[in-house]
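# Fold and geometry: a report
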Amino acid sequence: MIQFLRVTGGRAHSVWHAHQNEALSRATMDNNPSVCETMLLDVPKSVAPQAQKFTAVFIKLFEHQWKTYEGQKKVSTSYQYILYEFYANSNTHSKMSARKFCVGGNWKMNGDQKSIAEISKTLSGAALDPNTEVVIGCPAIYLMYARNLLPCTVGVAGQNAYKVAKGAFTGEISPAMLKDIGADWVILGHSERRAIFNESDELIAEKAEHALAEGLKVIACIGETLDEREAGKTNEVVARQMCAYAKKVRDWTNVVVAYEPVWAIGTGKTATPEQAQEVHAFLRQWLTDNISKEVSAALRIQYGGSVTAANAKDLAKKPDIDGFLVGGASLKPEFVDIINARQ
Ligand SMILES: O=C(CO)COP(=O)(O)O
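Keep in mind that what you see is a predicted model, and the values were worked out from it rather than measured. Within every chain, residues take consecutive numbers counted from 1 along the sequence as written. Note on the predicted model: pLDDT of at least 70 is required for a residue's local features to be given, and 80 or more for side-chain atom pairs to be given and counted; whole-chain, interface and lining totals, by contrast, use all residues. Water and hydrogen atoms were dropped before computing side-chain values, which therefore reflect all heavy atoms in the structure.

Let us look at the overall build of the protein. For the protein, the count of helices and strands is 16 helices and eight strands. Accessible surface for the protein amounts to roughly 16,100 Å². Of this, 55% is attributable to carbon and sulfur atoms. A helix here means a DSSP run of H or I that spans at least four residues, while a strand means a run of E at least two residues long, and both kinds are numbered starting from the N terminus. Only the protein chains shown count as cover for residues, and all accessible areas are computed by the Shrake-Rupley method using a 1.4 Å probe.

So this is what it looks like as structure tokens:
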């Protein structure tokens, strides 16, 4: 969120600065401070939407600016102070700020050379928020192809990897192989791997342990089924899945957790921002209680399940949602808007 705050604050800041300079020069030219006053009071209308929750602090900033109107230097000193206050007062957001927003596209078993070239072209031509980390989970057979076509700022991920480096495991691929062809991430524990391929919590945790040891970053998926949610077991299920990871993961630096309620995957039935935030907040507390405060503050938790350009912005406003893992919409141009959801 610090990234978000910087972007938001930065934009509001530059809008404010441009406006302030114009106001001051108009007032000087006209020799009439009231021109400046009117213009400055006008600023919140354009800046406030960008500043979102921080409108109140911005209004304070404008009042303060007006009082110190006579001297440009004094103005900017006061401005720095108020801007500092703007950051410091945004307590919830500064807590989130250490975590860089991270959006993953999980292409699952979709795509061919033609469509991958098209998606890569879209992503290469788009203005992607530099404060969002982007990772594409590509079918293994196309990883190298996608790596060569995607912007170099976009990471690529395998969608699975086995728990050992090599050997007689027909059909499997290893983290070492993913690294060898230029992938830097792997998605593990996706609900489709759990449900269709019967992967257990323990196997997934062993895979995570090995992938991390090989230097890959891991998107560690968790999430409850509809039956589990309706039985009131959501917290119990995600805690059990986190416990399994925690038995094997010693260093969480290269882990992103993806909370994907199974009932929301591919169904068009997104968790509401409140439902998602509730589980993310539970996970944050679980991390504090079971790992450490530091890991809890730093670990990014993505939400996944029917994320689209239409719902991403509202989800992205929630304090414990640090990004998305996107299925269907990551194959479409709207993925760009999801990446830029915090702008
Ligand atoms: O499973 C998902 C991402 O891993 C979510 O898929 P959808 O976005 O298609 O619901």
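It is worth spelling out the pattern of salt bridges at this point. Pairs can form between side chains of opposite charge whenever their charged atoms are close. For this document, the term salt bridge refers to a Lys or Arg side-chain nitrogen within 4 Å of an Asp or Glu carboxyl oxygen. On inspection of all chains with the given rule, the structure shows 15 salt bridges. Here Asp 320 and Arg 284 are joined by a salt bridge, their closest N and O atoms 2.9 Å apart. With Asp 320 in the loop between helix H15 (309-316) and strand E8 (323-326) and Arg 284 in helix H13 (residues 273-290), this pair connects stretches of sequence that are 36 residues apart. Its salt-bridge partner being Asp 322, residue Arg 284 comes within 2.8 Å of it at the nearest N-O pair. Of this pair, Arg 284 sits in helix H13 while Asp 322 sits in the loop between H15 and E8; the two residues are 38 residues apart in sequence, bridging distant segments of the chain.

Let us look at the environment of Arg 300. One can find Arg 300 in strand E7 (residues 300-304). Partly exposed residues are those whose accessible area sits between 20% and 50% of the maximum for their type, while under 20% is buried and over 50% is exposed, using a 1.4 Å probe and protein chains only. When its relative accessible area of 13% is taken as the criterion, Arg 300 is described as buried. Linking Arg 300 and Cys 102, residues 198 residues apart in sequence, is a C-alpha distance of 7.7 Å. Note on definitions: a residue-residue contact is assigned when non-hydrogen atoms from the two residues lie within 4.5 Å. Discounting residues that sit within four places of it in the chain, Arg 300 has contacts with Arg 99, Lys 100, Cys 102, Glu 133, Trp 185, Val 256, Val 257 and Asp 322. Side-chain polar atoms of Arg 300 contact the backbone oxygen of Lys 100, separated by 3.1 Å. Contacts described as polar in this section are N or O atom pairs within 3.5 Å, which, within protein, must combine one atom able to donate a hydrogen with one able to accept it, while residues neighboring in sequence count only if both atoms come from side chains.

Attention now goes to the nonpolar core. Residues Leu 123, Met 242, Trp 252, Tyr 303, Phe 324, Phe 335 and Ile 338 are the most contacted members of the largest nonpolar core, which totals 63 residues. Here Tyr 303 is in contact with Tyr 259, Pro 261, Ala 264, Thr 270, Ala 271, Ala 276, His 280, Leu 315, Ile 321, Gly 323, Phe 324 and Leu 325, once residues within four sequence places are set aside. Residue types Ala, Val, Leu, Ile, Met, Phe, Trp, Tyr and Cys, when buried and joined through side-chain atoms within 4.5 Å, form a set referred to as a nonpolar core.

Moving on to the pairing of strand E5 (residues 217-222). Among the six residues of E5, five are classified as buried, and the element is accordingly described as predominantly covered. The pairing criterion for strands is at least two bridges between them, as found by DSSP. As judged from the four bridges shared by strand E4 (residues 185-188) and E5, these two strands associate in the parallel manner. Across the sheet, Ile 187 pairs through a bridge with Ile 219, a residue of E5.

Right, let's get into the sheet that holds strand E1 (residues 101-106). Taken in spatial order, the eight strands of this closed barrel run E1-E2-E3-E4-E5-E6-E7-E8, and their pairing is parallel. Pairwise comparison of adjacent strand axes, ignoring direction, gives a mean angle of 25° for this sheet. Two strands pair when backbone bridges link them, and E1 and E8 are joined in this way by four bridges, in the parallel orientation. Each residue of the ladder has a partner; that of Val 103, found in E8, is Phe 324. Here an angle of 0 to 180 degrees is reported between the N-to-C directions of two axes, which are lines fitted to C-alpha atoms, with helices fitted over the stretch in contact. Along the sheet face, helix H12 (residues 234-248) touches E4, E5 and strand E6 (255-259) and points at about 150° away from the line of E5.

Quick look at the confidence of the model for the protein now. Residue-level confidence of the predictor, termed pLDDT, takes values from 0 up to 100. Averaged over all residues, the pLDDT of the protein is 81; the fraction at 70 or higher stands at 72%. In the predicted structure, residues 1-21 sits below a pLDDT of 50 and forms 54 contacts with residues beyond four places in sequence or in another chain. Under a pLDDT of 50 for its full length, residues 27-96 has, in the predicted model, 94 contacts with residues more than four places off or in other chains.

For the rest of this paragraph, the subject is the site of the ligand. By convention in these notes, a residue is near a molecule or strand provided one of its non-hydrogen atoms lies within 4 Å of it. In the region of the ligand, 13 residues are neighbours, and Lys 108, His 190, Glu 260, Gly 266 and Ser 306 sit closest. For the ligand, an oxygen atom lies 2.7 Å from a polar atom in the backbone of Ser 306. Take Gly 327: an N or O atom from its main chain is 2.9 Å from an oxygen atom of the ligand. Bound to the protein, the ligand loses 95% of the 310 Å² it would expose on its own. All amino acids are sorted into three groups, where Ala, Val, Leu, Ile, Met, Phe, Trp, Tyr, Cys and Pro are nonpolar, Asp, Glu, Lys and Arg are charged, and the leftover types, Gly among them, are polar. Residue composition of the shell around the ligand, by class: four nonpolar, seven polar and two charged.

Within H15 the residues assigned to the buried category are Asn 311, Ala 312, Leu 315 and Ala 316. Angular distribution of buried residues about the axis of H15 spans 135°; they occupy a single face of the element. Along its buried surface, H15 packs onto E1, H13, E7, E8 and helix H16 (335-339). Along the arc lie the directions from the helix axis toward the C-beta atoms.

This part covers the packing of helix H10 (residues 201-213) against H12. Viewed as axis vectors pointing N to C, H10 and H12 meet at an angle of 40°, and their least axial separation amounts to 8 Å. With respect to their mutual orientation, H10 and H12 come out oblique. In this structure, H10 crosses over H12, and the sense of that crossing is right-handed. In contact with Asp 201, Ile 204, Ala 205, Glu 206, Ala 208 and Glu 209 of H10, H12 contributes Arg 240, Gln 241, Ala 244, Tyr 245 and Lys 248. Grouping the constituent residues of the contact of H10 with H12 by class yields five nonpolar, one polar and five charged. Angle categories are assigned with fixed cut-offs, so that under 35 degrees is roughly parallel, over 145 is roughly antiparallel, 65 to 115 is roughly perpendicular, and the rest are oblique. Take the far helix as the reference: if the near one is turned anticlockwise from it by less than a right angle, the crossing is left-handed, and if turned clockwise, right-handed.

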